[in-house]
Amino acid sequence: VVLAAIGGYVDVICVIRYSTFVATMTGNLVITGQTFYEVIGQSRRPILGHVDLHREEALYLVAFRSAIMLCNCFGAFCYCCFERRVAEHTARRAAPALALCTLLADVLPWLIGGEHAIDS
């Protein structure tokens, strides 16, 4: 239950701030596919409800969300490699490094001078 609550919280923050899902890759896949179809297809509908979203911006969103999905797969691969090397208490040992990376990704741009890495 706690893991689901944390995943939902992270998704809400990232959808608001970065317009992407991080805990659920299914949402990214659906939105990326819809955006890509609307860019390359003959759709006359506005792209994802954005009337002023240009083709280049939509392609950027497709690339950004695809990179998020690839990073998720790479992270799962790294965890599996780590689990093979350290079979006992793998998650407990990996959690501090993951927490530090997550914290740095959000705090470092603020420390450098910008409010967020990507303005919402």
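Computed from a predicted structure; not experimentally measured. (Residues numbered from 1 in each chain as written. Predicted model: local features only at pLDDT ≥ 70, side-chain atom pairs only at ≥ 80, totals over all residues. Heavy atoms only, no water.)

(A) A look at the packing of helix α3 (residues 55-85) against helix α4 (residues 90-112). Where α3 meets α4, the closest approach of the two axes is 10 Å, and the angle between their N-to-C directions is 130 degrees. Judged on the interaxial angle alone, α4 and α3 are oblique. Note that α3 runs across α4; the crossing there is right-handed. Residue-level contacts link Y79, F82 and E83 of α3 to T90, A91, R93 and A94 of α4. Class assignment for the residues of the contact of α3 with α4 results in four nonpolar, one polar and two charged. (Axes fitted to C-alpha atoms, helices over the stretch in contact; angles between N-to-C directions. Helix = DSSP H or I, 4+ residues; strand = E, 2+ residues; numbered from the N terminus. Parallel < 35°, antiparallel > 145°, perpendicular 65-115°, else oblique. Left-handed = near helix turned anticlockwise from the far one by under 90°. Contact = heavy atoms within 4.5 Å. Nonpolar A, V, L, I, M, F, W, Y, C, P; charged D, E, K, R; others polar.)

(B) Helix α2 (residues 25-40), seen in detail. An ideal rise of 1.5 Å per residue puts 22 Å on 16 residues; α2 measures up with 22 Å between its terminal C-alpha atoms. What α2 keeps buried is the set M25, G27, N28, T32, T35, E38 and V39. Buried residues of α2, viewed axially, fall in a sector of 160 degrees; they line one side. Away from its buried face by more than 90 degrees, α2 exposes T26, L29, V30 and Y37. (Expected span 1.5 Å × (residues − 1). Buried < 20%, exposed > 50% of the residue type's maximum accessible area, 1.4 Å probe, protein only. Arc of directions from axis to C-beta.)

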